[in-house]
Structures are given as structure tokens and as C-alpha cells.
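Given next are the chains, with one letter for each unit.
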Amino acid sequence: MASIWEYANPRKFMSTTDVILPWIATLSGIALVAGLAWGFFLTPDDYRQGSTVKIIYLHVPSALMAINGWLMMLVASLIWLVRRHHVSALAARAAAPVGAVMTVIALVTGAIWGQPMWGTWWAWDPRLTSFLILFLFYLGYIALWAAIENDDTAADLTSVLCLVGSVFALLSRYAVNFWNQGLHQGASLSLDKEENVADVFYVPLLVCIAGFVLLFLALVLLRTRTEIRARRMRALMARERMA
Amino acid sequence: MMPDLGKYAGAVLSAYAVSLAIIAVLVLWSLWRARRVKAALEKVEARRHGQG
């Protein structure tokens, strides 16, 4: 079996993703359409939340990917800092806009759900606030990459920012457990069966989560390929200017 | 067939509309940028080979 470090070679990464990307994108489309259609059309209303329970199929997967997207960036940033593999730094860069969009979807769908259920679009609740800060970290990370011309310096500084932001990614996940206050309820999915949503909502929710994970993966691979090409182009153009 | 969403129809439909629109924009933007960068790189490489 090939070592994972082989994919740090841009050529190997490009040839492998050339084959697997269409499959991941297709599977993501199928899972998203199936999960969302199942959840929207075929599940009943909740006895307390009414039809707003259908928002769970967008809100929970996007929130999950917002946090795990940052954690993926953290792993990629650590690989860059320790092993100096360019592909990992570029993968982290590629994931940031996707994670930011997931955070926006989680915030917007949460607000739309909160208005009829809590009577307010927004509350300075620990989880909501840490999520908003996570979104600001995503914006800061994207802006820092754009602001620095030298790719290696940008990768170094954004990796450090990513380490700091990881505190808020973890807080977003565990805020409800750390501070037992605020409006936001506990986890909808958990290894503890007692905490999970009712079975009728559970399976379509899992399909939607699979769809969002695959969508995230497909977009990150596509965007990493773009970043690798953009980096090569900048290197070639710099060589042209020097000649 | 459209399910009966009752008094929360506006909230549910707007959540789906906004989310799907945002995802569509992200996918289209990623594809557009991928195509644009690929074409630009091919142009630079062709110029380089032409010189070499």
C-alpha cells in the first residue's frame, strides 16, 4: 500500500484525484439529493417543533462540517509546519472557503429555526457566539492568505492562526457541555442513544451528513487541485520575470 | 408531492432556498475558478515551451 506521504507530491496528488474526484462528486450529489428529499418529503413533523424539524437536515450537517473543516485545516497546517509539504498547506487554504460557507449555512439556518422556536433570530448563547467567532476566524484566515505574496510565509502565518482558531472550533462543539446555559440544545447525534434525535429523523439525517461530508471532500480536492496549479503558475511567471 | 408545512412553511422553505443557493454558488465558483486557473497555466506552459 502506498504511503500517505506520497500524496505530498503534487504530481501524485493530481493523478490520484483526477480519478477519484468524479466518483466523490457523484456520490455526494446522490447522497445530498436522497437525504434532503427523504428528510423534506418523507419525514413527519415533530410534535414540538412542527415542520421546522426539517431544517435539521441542513443545520446539523453544515455545523458539523464547519467544525470538522477547521479541524481538517488544523491537521493540514500541522503537517505543513512539521514536514513542509506544500500540498498540505494548499489543502488547508482550499478548505477555508468551503468551511466558511458551511458556517454561514449553519448560522443562517439556525437563525431561521430560532425565530419561530426561541422567538429570536439570535442570542448571545455560548454555542452561537463561539460559532460566530469561528466564522470570523475563517474570514481572517482567508484574508491572511490573500494578503501575503510569498506562499511559504503565508502558509506559516495562516498555520499559526489555524492553531489559535482551533480553540474556537472545539468551543463551538463543546460549548453546550462546558457552559450549561443558553438557548442551544445538546447534540442531535451522539454515541449515547438517549441523546439522539428520534429514529424517524435519524437515518435521513445520517444520509444528509454523508452527503455534506462528501461535498466538502469533493470541493476541497477540486480547490486543492486549483491551488496547486495556481502555485505552479506563479512559480513559472516568477521565473519568466527573472529571465 | 409538496408536504403540508403548516404555519412554519416560510421558515422551512427559506432555510432550504438560502442553503441550496449558497451551496450552488460555492460549487459554481469553485468550478469556474478551476477552469480559469487551468487555462491560464496551460497558456503559461505553452509560452514557456515555445521559448524553450
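Conventions we followed
Residues numbered from 1 in each chain as written. Chains lettered and ligands numbered in written order. Predicted model: local features only at pLDDT ≥ 70, side-chain atom pairs only at ≥ 80, totals over all residues. Helix = DSSP H or I, 4+ residues; strand = E, 2+ residues; numbered from the N terminus. Rg over C-alpha atoms; globule rule 2.2 N^0.38 Å. Buried ≥ 20, exposed ≤ 12 C-beta atoms within 10 Å, placed from the backbone. Contact = placed C-beta atoms within 7 Å. Axes fitted to C-alpha atoms, helices over the stretch in contact; angles between N-to-C directions. Parallel < 35°, antiparallel > 145°, perpendicular 65-115°, else oblique. Left-handed = near helix turned anticlockwise from the far one by under 90°. Nonpolar A, V, L, I, M, F, W, Y, C, P; charged D, E, K, R; others polar. pLDDT = per-residue confidence, 0-100. Core = buried A, V, L, I, M, F, W, Y, C linked by C-beta atoms within 7 Å.

**Student:** Is there a simple way to think about the overall build of chain A in this case?
**Tutor:** When helices and strands are counted, chain A shows six helices and zero strands. Helices (α) and strands (β) of chain A occur, in sequence order from the N terminus, as α-α-α-α-α-α. The C-alpha atoms of chain A give a radius of gyration of 20 Å, which matches the 18 Å a tight globule of 243 residues would have. The C-alpha extent of chain A, read off along each of the three principal axes, is 70 × 35 × 30 Å. Looking at chain A as a whole, 43% of its 243 residues qualify as buried. Taking the intrachain contacts of chain A between residues at least 6 apart in sequence as the baseline, contacts between residues at least 24 apart amount to 78%.

**Student:** Honestly, the packing of helix α1 (residues 10-42) of chain A against helix α6 (residues 199-242) of chain A in this entry has me stumped. Any pointers?
**Tutor:** When two helices pack together, their arrangement is given by the angle between the helix axes and by the axis-to-axis distance. All names here are of chain A. Relative to each other, α1 and α6 sit at 150 degrees, their axes nearing to 7 Å. The angle between the axes of α1 and α6 places the two elements in the roughly antiparallel class. Note on packing geometry: the crossing formed by α1 with α6 is left-handed. Across the contact of α1 with α6, the residue classes break down as 24 nonpolar, five polar and one charged.

**Student:** What am I meant to see in the interface of chain B and chain A here?
**Tutor:** Interface size is commonly expressed as the accessible surface area that is lost when the partners come together. Listed per partner, the contact involves 23 residues of chain B and 28 residues of chain A. Tallied by class, the residues present in the side of chain B that touches chain A amount to 15 nonpolar, four polar and four charged.

**Student:** For this particular structure, what's the right way to read the confidence of the model for chain B?
**Tutor:** Interpretation of this model should avoid reading the predicted coordinates in detail wherever pLDDT is low. Across chain B, the average pLDDT comes to 93, with 96% of residues at or above 70. For this predicted complex, the interface score ipTM comes out at 0.92, alongside a pTM of 0.91.

**Student:** Please clarify how the nonpolar core should be interpreted in this entry.
**Tutor:** Among soluble globular proteins, nonpolar side chains are generally buried collectively. In terms of nonpolar packing, the biggest core is built from 71 residues, with L134 and V220 of chain A touching the most fellow members. Residue assignment for this core shows that the elements contributing at least two residues are α1, α2 (56-83), α3 (86-118), α4 (126-147), α5 (151-178) and α6 of chain A together with α1 (9-51) of chain B. Leaving out residues up to four positions away in the same chain, L134 of chain A has contacts with A66, W70, T103, G165, F168, A169 and S172 of chain A.

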